[in-house]
Amino acid sequence: MTRAINIGAHPVGEGHPTHIVAEIGVNHNGDLDIAKKLIAAAAAAGCDAVKFQKRTPLLATPSDQRDKLRETPWGTMTYLDYRYRVEFEYEQYQAIDAYCKQKNIMWYASCWDEEAVDFIEQFAPPCYKIASASLTDKVMISKLLETKRPLILSTGMSTMEQIHDTVDFIGDQVPLMIMHATSTYPAKHEELNLRMITTLRDTFPNPIGYSGHEVGLPTTLAAVVLGACAVERHITLDRAMWGSDQAASVEPGGFERLVHYVRTVEGAMGDGVKRVYDSELPIMAKLRRTT
């Protein structure tokens, strides 16, 4: 059996409830009130955790992109200025931390540079997410390993050789969960390749999850049926809001349905042992001929 890991007080893996994550990312657009509304929506839907993204803009923004102009809701600005505009700092994360405690929901983050790890470490997160973009960044992963916290590795835009290399690099230093993903926003259904969940389950002893960027809910539910022990989807207040991830996100009502569907399917999966249920006995007596 695939081994489980603990994320906070939650065991995640085979035999345990699916870990459901609402990825807030940067869908808050730098507005703390929006972030709180997204946290409240995720908690009300029954999610186990929300996830943010943390960058140190000067380090995480490629030098050739920094001065490029970008049209934003706050006017035309350089891409670097935009990155600062949507980034939360210590005071905002203090408020996020307190609000998540109030709503009884975990939060953690994917960090995009080493200084961001030091920043988030101040809040003692239950784990860290390694974004698909960082899968080959050994310096970044080494920094995360220093925290000794569980890691969640997203595998979008990566080859099996790269995944093997990174999983071997992490080894048994910390608990690790691997997430199948396709890094397109939104991802085409024909490019989701959900059977990769089975491939990863057959290849690695780690818990395997699914990070989805598609439109709609059925494919995420299918990931659970295929054995994903964690699912992550972006959450938004409105898919028409400004921002690169909004169109691939799920609105609060959709998240409520997703959590309900996942919990229903979990209860329906059973143990694979064929049995005749007591509820079937009257039907059997009525309809089946004896021989």
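Above: the structure in question.
Residues numbered from 1 in each chain as written. Predicted model: local features only at pLDDT ≥ 70, side-chain atom pairs only at ≥ 80, totals over all residues. Heavy atoms only, no water.

Visitor: An account of the packing of helix α1 (residues 32-45) against helix α4 (residues 90-103) is needed here, citing residue identities and associated values.
Guide: Interaxial distance between α1 and α4 falls to 10 Å at its minimum, and their mutual angle equals 20°. Considering their axes alone, α1 and α4 lie roughly parallel with respect to each other. Between α1 and α4 the crossing geometry is right-handed. Residue-level contacts link Leu32, Lys36, Ile39, Ala40 and Ala43 of α1 to Gln92, Ala95, Ile96, Tyr99, Cys100 and Lys103 of α4. (Axes fitted to C-alpha atoms, helices over the stretch in contact; angles between N-to-C directions. Helix = DSSP H or I, 4+ residues; strand = E, 2+ residues; numbered from the N terminus. Parallel < 35°, antiparallel > 145°, perpendicular 65-115°, else oblique. Left-handed = near helix turned anticlockwise from the far one by under 90°. Contact = heavy atoms within 4.5 Å.)

Visitor: For the packing of helix α5 (residues 114-121) against helix α6 (residues 138-146), give the residues involved together with the corresponding values.
Guide: The interhelical angle for the contact between α5 and α6, taken along N-to-C directions, is 20°, at an axis separation of 9 Å. With respect to their mutual orientation, α5 and α6 come out roughly parallel. Here α5 runs over α6; the crossing is right-handed. The residues of α6 that touch α5, namely those facing Glu114, Val117 and Asp118, are Val139, Met140, Lys143 and Leu144. Class assignment for the residues of the contact of α5 with α6 results in 4 nonpolar, no polar and 3 charged. (Nonpolar A, V, L, I, M, F, W, Y, C, P; charged D, E, K, R; others polar.)

Visitor: Which residues make up unusual backbone geometry, and what values go with them?
Guide: Glycine aside, a negative phi is what most residues show, and trans is what most peptide bonds show. In this model, tyrosine 185 is joined to proline 186 through a cis peptide bond whose omega is -5°. Looking at where proline 186 falls in the secondary structure, it is placed in the loop between β10 (176-181) and α8 (196-203). Even without being glycine, asparagine 29 reaches a positive phi, approximately 55°. Its location among the elements puts asparagine 29 in the loop between β3 (19-25) and α1. A positive phi angle is found at alanine 124, which is not glycine, with a value near 50°. Tracing the chain through its elements places alanine 124 in the loop between α5 and β8 (128-130). Since its relative accessible area comes to 49%, alanine 124 is described here as partly exposed. (Buried < 20%, exposed > 50% of the residue type's maximum accessible area, 1.4 Å probe, protein only.)

Without other data, these values stay purely geometric and don't point to any function.
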